[in-house]
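The residues making up each chain are set out below.
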Amino acid sequence: MELIKIALLALFSYVYLFLIAKIMGHRQIAQLDAFDYITGITVGSIAADLAVELESPMRMVVALAVYGSMTFLTNMVTIRFPRSRKLVEGTPTILYHNGKLYKKNLKKAKLNLSEFQALCRQQGYFDLGQIYSAVFEHNGSLSILPAEQERPVTPKDLNLNPQQTTFFTEVIMDGRVLTENLHRMGKEEKWLKKQLAEQGFQSPKEVFLGLCDQNDKLTCYPTDVS
């Protein structure tokens, strides 16, 4: 009987934690700032206790509700009152600019030179001379503005006017036609079968992933049968 109660509590805590996470917003599953990180750990710990708390589970339920509500309210406050973001989220810090490293700002960000260089290398910059500015964001990521002579060439630099790239829509996934997506694009399965035949596919089941752009171009990735 006790094992059944534990199983039911674990299931309840799983569903309850999911609902709390939805209320708290996608920030909990995106890159976290310090506040979200601490809150996420605490909520997870409380949910784990709730899964095995047989005597008074309501204490954990209330605690989860309080943490979830406070996180939601804090997010609303930072949206409504931008000045409060400095207190809750912190501010970006310039670590490098125009050939100069800011020692005080590195210390403020609690980064040593090796860690700073590692963050630069992770973004493909092995030579600081390639960088014009490096900003340490409040969520712990490093934003880099490359030196003008090091930035990638753009079509505008070459006086070109390429056609705008648009989002792709999944019309086939794991061999199954996504009819709703197909109709949203104004297409029917007859059109899809014709496109597949032109690419050598006899059936949607032979396609692992099929993507269609706004120009009606269908890109198919065949199912790996090996």
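Structure's up top.
Scoring rules and cut-offs
Residues numbered from 1 in each chain as written. Predicted model: local features only at pLDDT ≥ 70, side-chain atom pairs only at ≥ 80, totals over all residues. Heavy atoms only, no water. Pairing = 2+ DSSP bridges. Helix = DSSP H or I, 4+ residues; strand = E, 2+ residues; numbered from the N terminus. Contact = heavy atoms within 4.5 Å. Axes fitted to C-alpha atoms, helices over the stretch in contact; angles between N-to-C directions. Disulfide = S-S within 2.5 Å. Buried < 20%, exposed > 50% of the residue type's maximum accessible area, 1.4 Å probe, protein only. Patch = residues over 30% accessible without salt bridge, like charges linked within 9 Å, V, L, I, M, F, W, Y side chains within 5 Å. Areas by Shrake-Rupley, 256 points an atom, 1.4 Å probe, with all protein chains shown as cover. Salt bridge = Lys/Arg side-chain N within 4 Å of Asp/Glu carboxyl O. Core = buried A, V, L, I, M, F, W, Y, C linked by side-chain atoms within 4.5 Å. Polar contact = N/O pair within 3.5 Å; in protein donor to acceptor, adjacent residues only side chain to side chain. Expected span 1.5 Å × (residues − 1).

### Section: the sheet that holds strand β7 (residues 207-212)
(1) Moving on: One open sheet accounts for four strands, arranged β6-β5-β7-β8; its pairing is antiparallel. The sheet terminates laterally at β6 (176-177) and β8 (218-222), the two strands that pair on one side only.
(2) Moving on: Where strand β5 (residues 169-173) meets β7, four bridges bridge the pair, whose relative direction is antiparallel. Its bridge partner being in β7, I172 is matched across the sheet by G210.
(3) Moving on: Set on the sheet, helix α8 (residues 189-198) makes contact with β5, β6, β7 and β8; between it and β8 the angle comes to about 65 degrees.

### Here we look at the state of the cysteines
(1) Moving on: Under the defined criterion, the tally for this structure stands at zero disulfides.
(2) Moving on: Its sulfur unpaired, C212 is 9.2 Å from the next cysteine sulfur, which belongs to C220.
(3) Moving on: With a relative accessible area of 0%, C212 lands in the buried category.

### A closer look at the pairing of β7
(1) Moving on: Relative to β8, β7 runs antiparallel, the two being bridged by five bridges. From the neighbouring strand, V207 faces β8, where its bridge partner is P222.
(2) Moving on: Remark: five residues form the turn of the hairpin made by β7 and β8, two consecutive strands paired antiparallel; D216 in that turn has positive phi of roughly 65 degrees.

### Things to note about the pairing of β5
(1) Moving on: Relative to β6, β5 runs antiparallel, the two sharing two bridges. Along β6, the bridge assignment pairs M173 with R176.
(2) Moving on: Connecting the antiparallel pair β5 and β6 is a turn made up of two residues, with D174 showing a positive phi of about 55 degrees.

### Concerning a nonpolar patch on the surface
(1) Moving on: On the surface, a cluster of nonpolar side chains totalling about 760 Å² of accessible area is made up of M58, V62, V66, M70, F72, L73, M76 and I79.
(2) Moving on: Tracing the sequence through the fold places V66 in helix α3 (residues 57-80).

### Concerning the environment of K107
(1) Moving on: Relative to the assigned elements, K107 resides in helix α5 (residues 103-108).
(2) Moving on: The exposure class of K107 is exposed, given its relative accessible area of 70%.
(3) Moving on: Separated by 12 residues in the primary sequence, K107 and L95 place their C-alpha atoms 9.5 Å from one another.

### Focus on the pattern of salt bridges
(1) Moving on: In this structure the tally under the stated criterion is four salt bridges.
(2) Moving on: R151 is the partner of E148 in a salt bridge, and the nearest nitrogen-oxygen pair spans 2.6 Å.
(3) Moving on: Across the pair R184 and E180 runs a salt bridge whose closest N-O atoms are separated by 3.3 Å. Separated by four residues within a single helix, R184 and E180 lie in helix α7 (residues 179-184), roughly one turn from each other.
(4) Moving on: With a relative accessible area of 57%, R184 lands in the exposed category.

### Description of the nonpolar core
(1) Moving on: Membership of the largest hydrophobic core comes to 14 residues, with the highest contact counts inside it found for L95, F116 and L142.
(2) Moving on: Looking at this core, the elements with two or more residues in it are β1 (93-97), α6 (113-122), β3 (131-136) and β4 (142-146).
(3) Moving on: Non-local contacts of L95, meaning those with residues more than four positions away in its chain, are made with K100, L101, Y102, N105, L106, A109, L111, F116, A134, F136 and L142.

### Quick look at the side chain of K187
(1) Moving on: Relative to the helices and strands, K187 is located in the loop between α7 and α8.
(2) Moving on: K187 gets classed as buried once you look at its relative accessible area, which sits at 16%.
(3) Moving on: Here D216 takes part through its side chain, which lies 3.0 Å from a polar atom of the side chain of K187.
(4) Moving on: Beyond its immediate chain neighbours, meaning those up to four positions away, K187 contacts L182 and D216.

### What to know about α3
(1) Moving on: Spanning 24 residues, α3 covers 35 Å between terminal C-alpha atoms, matching the ideal 34 Å at 1.5 Å per step.
(2) Moving on: Taken together, the buried positions of α3 are M60, V61, L64, G68, T71, T74, N75 and T78.

### So, the sheet that holds strand β2 (residues 100-101)
The strands making up a sheet associate through hydrogen bonds between their backbones, and the pairing can be parallel or antiparallel.
(1) Moving on: Across the sheet, four strands lie side by side as β2-β1-β3-β4; this open sheet has antiparallel pairing. Because the sheet does not close on itself, it has two edges, and the strands there are β2 and β4.
(2) Moving on: Against the sheet, α6 engages β1, β2, β3 and β4, with an angle of about 65 degrees to β4.

Purely geometric stuff here, so don't read any function into it on its own.
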